[in-house]
There are 2 protein chains.
Amino acid sequence: MKVEIISIGDELLIGRTINTNAAWIGEQLSLLGFSIARITTISDSRNAIIDAVTKAYTEHDLVIITGGLGPTNDDITKHVLCELFSCTLIMHKEAYRTVESFIHSLNGEMNENNKKQALFPDKADFIPNACGTASGMWFTHNNAIIISLPGVPFEMKDMMTQTVIPKLAKTYTLPVIVHEHINITGIQEAKLAEIIAPWEQNLPTEVKLAYLPSPGIVRLRLTCTANTQKEAETHIQNAISELQPYIGTHIYGYGLSKIEEIVGKLLHKNSLTISTAESCTGGAIAKSITSVSGSSHYFIGSIIAYNNTIKSELLHVSTTMLQTHGAVSKIVAETMAQSCRKIHNTDFAIATSGIAGPTGGTAEKPVGTVWIAIAHKNGIHSQIYNFGKNRKRTITKTVITALNTIRLLIENKL
Amino acid sequence: MKVEIISIGDELLIGRTINTNAAWIGEQLSLLGFSIARITTISDSRNAIIDAVTKAYTEHDLVIITGGLGPTNDDITKHVLCELFSCTLIMHKEAYRTVESFIHSLNGEMNENNKKQALFPDKADFIPNACGTASGMWFTHNNAIIISLPGVPFEMKDMMTQTVIPKLAKTYTLPVIVHEHINITGIQEAKLAEIIAPWEQNLPTEVKLAYLPSPGIVRLRLTCTANTQKEAETHIQNAISELQPYIGTHIYGYGLSKIEEIVGKLLHKNSLTISTAESCTGGAIAKSITSVSGSSHYFIGSIIAYNNTIKSELLHVSTTMLQTHGAVSKIVAETMAQSCRKIHNTDFAIATSGIAGPTGGTAEKPVGTVWIAIAHKNGIHSQIYNFGKNRKRTITKTVITALNTIRLLIENKL
């Protein structure tokens, strides 16, 4: 079943409003087993609406339209759809009651604009709106279903959930579709694609693969269409089991969970505590850890030693050490981590020292060079990285890499 | 000049990714004087791409395509555009160097996928990508310009800003449009609208106003269309001068500058230094300050005292004080700030103590309660706030409010 989503509204075209409605509808319907063929965003203009809706119901089975149902003159969707589907607008009792009770609930009086909203196309099915004054319309035309809903997100979502989705589920026999995300770090997209190529080539035809990269992370999405939920889940599970040997330890989690949430759960579950001593990340690791609600169970504190005097005074990095090896060195990062662990009395302490850039790089230590050291009860783990020239990305990648190292240390019971 | 934006990617259709690229491009181009006619989102499929791009360049003057340029097999945009515009893919020296230097900067080796990315259509103009491996393509066909860019937002934005927008401005004669942003904090949107209503009603017809709110900040955008640059700038400047009396000290800056950049400049210019002692913000203030390149000139360090033992041991907050007043109190925040300033030997020290939530609130100190204290050479400034129930927003608002207070302290020569 092919679906097109049409979003109507000038504010979407000029970027004043980000089109979250289409994303939400797309997700809901694809989880139901519909295939979203296209999302078209157009202005509140008659010709644009006629062109887009005609193309949509000619090419696809289901068309969901949002926007342009408000009480003001620039809201023309209802009139244009009436013209397109040769309907007449009539006063609709239930639509009138909806508007009236809503206006009264706000201690207002029905005005002409409100009454206009109670006019409804004679050939459309009525979709009630419990949260606002604009009713939804369900048209059937040339074996296609065309549904028009208001653009206000919470009104649209309530109408989809209460009426549209249940009615669609009755109207169509839908396939079963299961999605799973595999979250991967510590490997670039191109390199990953090369390593898992044999696995990708052997995926069953029912299973589709998508790469969703972001700085420091590649998220793989597996989508399986099958006759039963169990069959789809089995396909996905088999695909994941077959993938693991290729990139096992690079997988940090599944679904939409973030690495700071996964590491947080691991620390909490094992009653472990953590602290950080940050130079180049300037508090970004602490911020990421504490962005998770409940992080006070395992996060104790941090020393952000941006200036070398603080590295010396609070983290016991001797000035000699700084002069001999430089702040961006294995021994300085390790000393920072060990002092940090002692000061905060934690199971783990992460230290970072690097050159985020854009300035401060040298031939020997170019911009993007970062030392990450992690002190733990059995010793210290430290490694050098180069995360490239972009300051923001270098900081983000350092955060993800440090947290992922903690995950590996815990999972490998180090 | 009519524009169509085409976003390619299954993840956009199924709602795993919200289409922020189209909103950003739509905003940038409409600010330049283009009219955005349609945004079309389609899957990574040959037929969908051919259908959408053909319709787009037939009906509109300019087509901006994002997505499907990655190194993996599901990225087919380049090949389909070559087919559509009868181009041949040839090894492109500059494209090859771009990929190579990017891979080398990450200590990687060129693999087959990387080499494929250096293939470029013979009839297209080259658009360099300073942030990634996928080059952009500029086609001219049937009097229309068709531009293809990667879907990774920061790569696309950099390429638009560095190359595409300047080249478009040369290619088309566009109306004179001048924009200015007025950045406001410390006042809510509804209240602001009420205060500046008389000013808004007296704006000249050439000047349009838009409210762009985000957590803790309201950005006003003034847009003026005129015959000459000078005329437009005069209109904007007059409007700003007339606005200042209404909300003077709430304006923290103009243009797209961030508050951490403005405060950074102020500190640097006045040779002042800063440190932070953070509890509820968990390093978010330090991260914000150090996100600015060159912040090492004025930022010395931080102590993130998430756990009360650290407040006592490192920031000299006595356990008696914690027991008597609680961690979220004026005296604890002020003691943290004073100790922090002493330890780091800085001109300013910011301390935060609050309940970010969602748990930990009480009747007396509900979720969202935050104390911000700032120690400086003439004493201490402290204030209590309630930033509401949303954890992320509370942290963001605390960061902005703390930095804005530093700005006011410096500007008022306190």
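Caption draft 1: Up close: the domain arrangement of chain A. In terms of domain boundaries, chain A breaks down into domain 1 (2–171), domain 2 (176–254) and domain 3 (259–410). On a C-alpha basis, the centroid separation for the pair domain 1 of chain A and domain 3 of chain A is 51 Å.

Caption draft 2: Main features of the packing of aromatic side chains. A complete count under the given rule lists twelve aromatic pairs over all chains for this structure. The interplanar angle of 15° and the centroid separation of 5.2 Å between the aromatic rings of Tyr385(B) and Phe387(B) together place this pair among those described as stacked. When sorted by exposure, Tyr385(B) lands in the same class as Phe387(B), which is buried. Among the aromatic side chains, those forming a connected cluster through ring pairs are Tyr57(A), Phe85(A) and Phe139(A). Across from the ring centre of Trp138(A), 4.2 Å away, lies the NZ or CZ of Lys167(A), which sits over that ring.

Caption draft 3: The interface of chain A and chain B, seen in detail. With 74 residues of chain A at the contact, the number on the chain B side is 70 residues. Broken down residue by residue, the surface that chain A buries against chain B is led by Leu13(A), Ile39(A) and Tyr306(A), which jointly contribute 10%. Here chain A and chain B share five salt bridges between them. A salt bridge links Lys55(A) to Asp51(B); its shortest N-O distance comes to 3.2 Å. The interface formed by chain A and chain B contains 25 residue pairs in polar contact (both at pLDDT 80 or more). A per-class count over the side of chain A that touches chain B returns 32 nonpolar, 25 polar and 17 charged. As paired elements, strand 14 (residues 299–305) of chain A and strand 14 (residues 299–305) of chain B share five bridges and run antiparallel to each other. Note on strand 14 of chain B: the bridge partner recorded for Ile304(A) is Ser302(B).

Caption draft 4: Representation of the sheet that holds strand 12 (residues 251–254) of chain B within the structure. All names here are of chain B. Within the open sheet, the four strands sit side by side as 10-11-9-12. Their pairing is antiparallel. Each edge of the open sheet is held by one strand with a lone partner, namely strand 10 (207–214) and strand 12. Averaged over all pairs of adjacent strands, the angle between strand axes in this sheet comes to 20°, irrespective of strand direction. In this structure, strand 10 lies alongside strand 11 (residues 217–226), joined through eight bridges in antiparallel fashion. Residue pairing in the sheet places Lys 208 in a bridge with Thr 223 of strand 11.

Caption draft 5: Expanded view of the sheet that holds strand 10 (residues 207–214) of chain A. Residues and elements named next belong to chain A. Pairing in this open sheet of four strands is antiparallel, and the strands run 10-11-9-12 from one edge to the other. Each having just a single partner strand, strand 10 and strand 12 (251–254) make up the two edges of the open sheet. Neighbour to neighbour, the strand axes of the sheet diverge by 20° on average, direction disregarded. The pairing of strand 9 (residues 176–185) with strand 12 spans three bridges and is antiparallel. For Asn 183, the partnering residue across the bridge sits in strand 12 and is Gly 253.

Caption draft 6: Representation of helix 13 (residues 308–315) of chain A. The complete set of buried residues in helix 13 of chain A reads Ile310(A), Lys311(A), Leu314(A) and Leu315(A). Buried positions in helix 13 of chain A, seen along its axis, are confined to an arc of 105° and lie on one side of it. Along its buried surface, helix 13 of chain A packs onto strand 13 (274–278), strand 14, helix 14 (319–325) and helix 15 (330–344) of chain A together with strand 14 and helix 14 (330–344) of chain B. Positive phi shows up at His316(A), right after helix 13 of chain A, with a value of about 55°.

Caption draft 7: Broad picture of the pattern of salt bridges. All names here are of chain B. Tallied over the full model, the rule gives 23 salt bridges over all chains. With a shortest N-O distance of 3.1 Å, Asp 125 and Lys 167 are connected by a salt bridge. With a gap of 42 residues between them, Asp 125 in strand 6 (residues 125–127) and Lys 167 in helix 7 (residues 153–171) connect regions that are remote in the sequence.

Caption draft 8: Local environment of the pairing of strand 17 (residues 379–386) of chain A. Residues and elements named next belong to chain A. Note that strand 16 (residues 369–376) and strand 17 share eight bridges and pair antiparallel. Residue Val 370 lies in a different strand from strand 17, and its bridge partner there is Tyr 385. Hairpin remark: strand 16 followed by strand 17, antiparallel, with two residues in the connecting loop.

Caption draft 9: Layout of unusual backbone geometry. Residues and elements named next belong to chain A. Following Gly 357, the chain continues to Pro 358 via a peptide bond in cis, the omega torsion being 5°. Following the sequence through the fold, Pro 358 ends up in the loop between strand 15 (348–354) and strand 16. Positive phi outside glycine occurs at His 316, with the angle close to 55°. Within the secondary structure, His 316 sits in the loop between helix 13 and helix 14. For His 316, a relative accessible area of 54% gives the class exposed.

Caption draft 10: Structural detail: helix 4 (residues 77–84) of chain A. Residues and elements named next belong to chain A. Burial analysis of helix 4 places six of its eight residues in the buried class, which makes it a mostly covered element. Among the residues of helix 4, those classed as buried are Thr 77, Lys 78, Val 80, Leu 81, Cys 82 and Leu 84. Two residues or fewer past helix 4, Ser 86 is found with a positive phi of approximately 45°.

Caption draft 11: Main features of the environment of Gln188(A). By secondary structure assignment, the location of Gln188(A) is in the loop between strand 9 and helix 8 (189–195). With sequence-adjacent residues up to four places away left out, Gln188(A) is seen in contact with Ile103(B) and Leu106(B).

Caption draft 12: Molecular detail of the packing of helix 2 (residues 20–32) of chain A against helix 7 (residues 153–171) of chain A. All names here are of chain A. Remark: helix 2 packs on helix 7, axes separated minimally by 11 Å, with the N-to-C direction vectors making an angle of 20°. As far as their axial angle goes, helix 7 and helix 2 are roughly parallel. The way helix 2 lies across helix 7 gives a crossing that is right-handed. The residues of helix 7 that touch helix 2, namely those facing Asn 21, Trp 24, Ile 25, Gln 28, Leu 29 and Leu 32, are Pro 153, Met 156, Lys 157, Met 160, Thr 161, Ile 165 and Leu 168. Here the residues of the contact of helix 2 with helix 7 are counted per class, giving nine nonpolar, three polar and one charged.

Caption draft 13: Main features of the side chain of Thr185(A). Residue and element names in this part refer to chain A. Along the chain, Thr 185 turns up in strand 9. For Thr 185, a relative accessible area of 2% translates into the label buried. There is a polar contact of 2.6 Å between the side chain of Thr 185 and the backbone oxygen of Gly 216. Once you skip the residues sitting within four places of it in the chain, Thr 185 turns out to touch Gly 216, His 250, Tyr 252, Ile 400 and Asn 404.

Caption draft 14: Examining the packing of helix 8 (residues 189–201) of chain B against helix 9 (residues 229–247) of chain B more closely. All names here are of chain B. One can describe the packing of helix 8 onto helix 9 by two numbers: an axis separation of 10 Å at closest approach and a directional angle of 135°. With respect to their mutual orientation, helix 8 and helix 9 come out oblique. With respect to the hand of their crossing, helix 8 and helix 9 are arranged in right-handed fashion. Each of Leu 192, Ile 195, Ile 196, Pro 198 and Trp 199 in helix 8 lies in contact with helix 9, whose residues at this interface are Ala 239, Glu 242, Leu 243, Tyr 246 and Ile 247. For the contact of helix 8 with helix 9, the class distribution of residues is nine nonpolar, no polar and one charged.

Criteria and thresholds
- Residues numbered from 1 in each chain as written.
- Chains lettered and ligands numbered in written order.
- Predicted model: local features only at pLDDT ≥ 70, side-chain atom pairs only at ≥ 80, totals over all residues.
- Heavy atoms only, no water.
- Domains from an automatic or database assignment.
- Phe/Tyr/Trp six-rings, centres within 6.5 Å; stacked < 30°, edge-to-face > 60°.
- Buried < 20%, exposed > 50% of the residue type's maximum accessible area, 1.4 Å probe, protein only.
- Lys NZ or Arg CZ within 6 Å of the ring centre and 35° of its normal.
- Contact = heavy atoms within 4.5 Å.
- Buried area = accessible area lost by both parts, 1.4 Å probe.
- Salt bridge = Lys/Arg side-chain N within 4 Å of Asp/Glu carboxyl O.
- Polar contact = N/O pair within 3.5 Å; in protein donor to acceptor, adjacent residues only side chain to side chain.
- Nonpolar A, V, L, I, M, F, W, Y, C, P; charged D, E, K, R; others polar.
- Pairing = 2+ DSSP bridges.
- Helix = DSSP H or I, 4+ residues; strand = E, 2+ residues; numbered from the N terminus.
- Axes fitted to C-alpha atoms, helices over the stretch in contact; angles between N-to-C directions.
- Arc of directions from axis to C-beta.
- Parallel < 35°, antiparallel > 145°, perpendicular 65-115°, else oblique.
- Left-handed = near helix turned anticlockwise from the far one by under 90°.

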